[in-house]
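Working through the structure, step by step
What follows is the residue order along each chain.
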Amino acid sequence: MATTIAQFENVGLRYGTGAETLSDVSFSLDTGGFYFLTGPSGAGKTSLLKLLYLSQRPSRGLIRLFDTDVVTLARDRLPGFRRRIGVVFQDFRLVPHLSTFDNIALPLRVAGVEESELVSPVNEMLAWVGLADRASARPATLSGGEQQRVAIARAVIHRPEILIADEPTGNVDPEMAARLLHLFDALNKLGTTMVVATHDIHLLSRVSNAQMMRLDSGRLADPTGLLRNPPREAGRGRRPKPGA
Amino acid sequence: MIFPFSATPAERRLLTEGRLSGPMPWVIAIMMFLTVLAAASGLALANAARNVTGGIANRITVQIVEANPDLREEQTRAAMAALAAMDGVSHVARVPDEEIDRLIEPFLGTAAEEEGIPVPTMIDADLSEALHAQLGEVEADIAAVAPAARVDDHAQFLAPLAGLIRSLSWLALGLVLLIGSALAASVILAARAALNTHRSTIEVLHLMGATDIQIARLFQRRIALDALFGGAVGFLSAVIVLLLLGQRIGAVGSELLGSASLPWTAWLVLFVLPLAGAVLATLVARFTVIGVLRKML
């Protein structure tokens, strides 16, 4: 039976005194699932992801992550939860003065992994994303695609339970986009829950069994109620695509 | 790791600027220079106060003011015998006539000796603290055997000088505290500026699960090293100034100025100041950074 890794119930988010950026958002994410989050610019995709990777607290509603209510979670307990999440930011957010190696090693160092124990996994990750020969390069000297791969390597080096990617193919050519998606699919097959925000509807068909979530003006389109109450399959988290 | 100086090379790379690139170490050096000079002044004055009052605070001088030389001699001997017989008198000595002549020469010239002007005899006596507290009884006992005796208590005329020196010592301590506060304020400003400079890196670290303590350690370590460097420069500069000043004071040959020296314990206190400055800077940086980080999610 699939378990729920994240659950939103009637979540609303408002910045300052303005209108709600997200309104009454409710959905459940299964452990091991692959989810695309789509919607037009300004629909609230990044805001929803921020709530998911604990960069923001909602104005109202309930968010459960890893079976814990993270809305009321004490601030000093957040780091422990954040270490279970990998994030690929839209603008990569690589640390500009650190080398590719150091950027990828960052989550392991934050987690307190000894220097001697992180060299091998970081080198493996560099090879996996095809940047073994750019280990000492600074982000400014890398192409957009290379920076994207560093950001992905950094997000997955510590084997997060859930990987959140905000427009990961926004800055790369179609060929690189396909390669990145293949990489995400491989990670998902290893058991990582994937949440990928994208504009690119062509990506959706490239991952089998992926579920689509569509945001429009801060509201999640869920006409069938499947996102809120997903049908469970015994033994695995991934579900067939609706209509498949 | 709570110890601020133990960081891996990778941790050190997380913050970009080199240690000596900003004005912080030099601001700390100037403040430490002033702190050490103020503290040295305070310690030297405290030492002077001890030297000035400690040696003669319980001393009395008995003058036998008697015009008749024979009677004066008789009463002098009687007063000395009475003092010597008292419990708590450690030293009794008659001030030699030559010394008295030398003392009054600036005022009377040599006329006193040549024209036979009667000059009182003087007896110095060192009393114990307990006996000094009963000075009235001592005076009565002396007056019983030497009616022409007048007792001068050194503590009385030293009191204003000792009070002034003590006030100056407190002023020096106040200056040390003021400069320490200014140092703390500078560290707060520097820590906040550093946080703003590295805000994007901090946000990334936070989202990866770095704790406030982990992030604060990066800043406190850097500020601690800045403070140690600045403290060492300020301390050494102040020591050079103090040694040169000591030479000048020695050349003056004044007993009062000479008493304002620095014992080895004072040097030890001065040596601790840059270390205390580094600890203060580290703690202030730590609490400032943690305070700012707590306002972030």
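Remember, it's a predicted structure, so these values are computed and weren't measured experimentally.

1. Digging into the overall build of chain A
The helix and strand tally for chain A stands at seven helices and 10 strands. A compact globule built from 244 residues would reach a C-alpha radius of gyration of about 18 Å, and chain A, at 18 Å, matches this within 12%. Here chain A holds 244 residues, and 43% of them are scored as buried.

2. Some points on the nonpolar core
The biggest cluster of nonpolar side chains holds 119 residues, and the ones touching the most others in it are I164(A), V36(B) and A281(B). Within the second largest apolar cluster, 15 residues are counted, among which are L83(B), M122(B), V138(B) and A146(B).

3. Some remarks on the confidence of the model for chain B
Residue and element names in this part refer to chain B. Mean pLDDT for chain B: 84, with 89% of residues reaching 70 or above. Averaged over each element, pLDDT in chain B is lowest for helix α11 (residues 255–258) (65) and highest for strand β3 (residues 121–127) (91). The ipTM assigned to the predicted complex is 0.84, against a pTM of 0.72.

4. Some thoughts on the sheet that holds strand β4 (residues 149–153) of chain B
Note: strands within a sheet are paired through backbone hydrogen bonds, in either parallel or antiparallel orientation. Residue and element names in this part refer to chain B. The strand order across the open sheet formed by four strands is β2-β3-β1-β4, and the pairing between neighbours is antiparallel. Edge strands, defined here as strands with exactly one partner in the open sheet, are β2 (89–94) and β4. On average, each strand axis in the sheet is inclined to that of its neighbour by 20°, with strand direction left out of account. Note that β2 and β3 share five bridges and pair antiparallel. Looking at the pairing, V92 lines up with A125 of β3.

5. Some words on the domain arrangement of chain B
You'll often see interface size given as the accessible area lost when the parts meet. Here chain B is partitioned into domain 1 (9–53 + 161–293) and domain 2 (66–147). Taking the mean C-alpha position of each, domain 1 of chain B and domain 2 of chain B sit 53 Å from one another.

6. Details of the interface of chain B and chain A
With 15 residues of chain B at the interface, the matching set in chain A holds 21 residues. Looking at the side of chain B that touches chain A, the elements that each hand over two or more residues are α1 (9–13) and α9 (199–207) of chain B. The greatest single-element share of the side of chain B that touches chain A, amounting to five residues, is contributed by α9(B). Counted by class, the side of chain B that touches chain A contains seven nonpolar, seven polar and one charged residues.

7. Regarding the packing of helix α3 (residues 100–110) of chain A against helix α4 (residues 115–128) of chain A
All names here are of chain A. At their nearest, the axes of α3 and α4 sit 10 Å apart, and the two run at 125° to each other. The pairing of α3 with α4 is recorded here as oblique in orientation. Note that α3 runs across α4; the crossing there is right-handed. Of the residues in α4, those in contact with T100, F101, I104, A105, L108 and R109 of α3 are L118, V122, M125 and L126. Classifying every residue of the contact of α3 with α4 gives eight nonpolar, one polar and one charged.

8. Details of the sheet that holds strand β2 (residues 20–30) of chain A
Residues and elements named next belong to chain A. A sheet is described by the order of its strands in space; here four strands give the open sequence β2-β1-β4-β5, paired in antiparallel fashion. With partners counted over all chains shown, the strands left at the sheet margins are β2 and β5 (68–69), one partner each. Of the pairings in the sheet, the one linking strand β1 (residues 4–14) to β2 comprises seven bridges and is antiparallel in character. Bridged to V11 within β2 is V25.

9. Digging into the UniProt feature "transmembrane region" (unreviewed entry) in chain B
All names here are of chain B. Taking the UniProt record as the reference, the feature "transmembrane region" (unreviewed entry) is found at residues 168–191, 223–246 and 266–293. Counting secondary structure, residues 168–191 comes out at 100% helix and 0% strand; the distance between its end C-alpha atoms is 34 Å. Taken end to end, residues 266–293 has its terminal C-alpha atoms 40 Å apart, with 100% of it in helix and 0% in strand.

10. Looking at the pairing of strand β1 (residues 59–64) of chain B
Residue and element names in this part refer to chain B. Burial along β1 is one-sided: the face carrying I60, V62 and I64 is buried and the face carrying R59, T61 and Q63 is not. Relative to β3, β1 is paired through six bridges, and the arrangement is antiparallel. Looking at β3, one finds that T61 is bridged to D124. Pairing of β1 with β4 involves five bridges; the strand directions are antiparallel. Bridge pairing in β4 links V62 to V151.

11. Points about unusual backbone geometry
Residues and elements named next belong to chain A. The backbone of D24 shows a phi angle near 45°, a positive value even though the residue is not glycine. D24 gets classed as partly exposed once you count the C-beta atoms within 10 Å, which come to 15. Phi at F66 is positive, roughly 50°, even though this residue is not glycine. Mapping F66 onto the fold places it in the loop between β4 (60–65) and β5.

12. Notes on helix α5 (residues 144–156) of chain A
Residues and elements named next belong to chain A. Its 13 residues give α5 an end-to-end C-alpha distance of 19 Å, which sits within 8% of 18 Å, the value for a rise of 1.5 Å per residue. Summarising burial for α5: 10 of the 13 residues are buried, a large majority. Listed in full, the buried residues belonging to α5 are Q147, Q148, R149, V150, A151, I152, A153, R154, A155 and V156. The elements touched by buried residues of α5 are β6 (85–88), α3, α4, β7 (162–166) and α6 (174–189).

13. Brief notes about the environment of L204(A)
Residue and element names in this part refer to chain A. Residue placement: L204 occurs in helix α7 (residues 201–204). The exposure class assigned to L204 is partly exposed, which follows from the 16 C-beta atoms found within 10 Å. Between the alpha carbons of L204 and R84 there is a distance of 25 Å; along the sequence they are 120 residues apart. Apart from the residues within four sequence positions on either side, L204 is in contact with F36, A210 and M212.

14. Details of the packing of α3(A) against α5(A)
A pair of packed helices can be characterised by two numbers: the angle between their axes and the separation between those axes. All names here are of chain A. Where α3 meets α5, the closest approach of the two axes is 7 Å, and the angle between their N-to-C directions is 30°. In terms of axis orientation, α3 runs roughly parallel to α5. Crossing hand, α3 versus α5: right-handed. Here T100, N103, I104, L106 and P107 of α3 come into contact with α5, specifically with V150, A153 and R154.

Basis of the calculations
- Residues numbered from 1 in each chain as written.
- Chains lettered and ligands numbered in written order.
- Predicted model: local features only at pLDDT ≥ 70, side-chain atom pairs only at ≥ 80, totals over all residues.
- Helix = DSSP H or I, 4+ residues; strand = E, 2+ residues; numbered from the N terminus.
- Rg over C-alpha atoms; globule rule 2.2 N^0.38 Å.
- Buried ≥ 20, exposed ≤ 12 C-beta atoms within 10 Å, placed from the backbone.
- Core = buried A, V, L, I, M, F, W, Y, C linked by C-beta atoms within 7 Å.
- pLDDT = per-residue confidence, 0-100.
- Pairing = 2+ DSSP bridges.
- Axes fitted to C-alpha atoms, helices over the stretch in contact; angles between N-to-C directions.
- Domains from an automatic or database assignment.
- Contact = placed C-beta atoms within 7 Å.
- Nonpolar A, V, L, I, M, F, W, Y, C, P; charged D, E, K, R; others polar.
- Parallel < 35°, antiparallel > 145°, perpendicular 65-115°, else oblique.
- Left-handed = near helix turned anticlockwise from the far one by under 90°.
- UniProt positions renumbered as here; feature names shortened; annotations may be inferred.
- Expected span 1.5 Å × (residues − 1).

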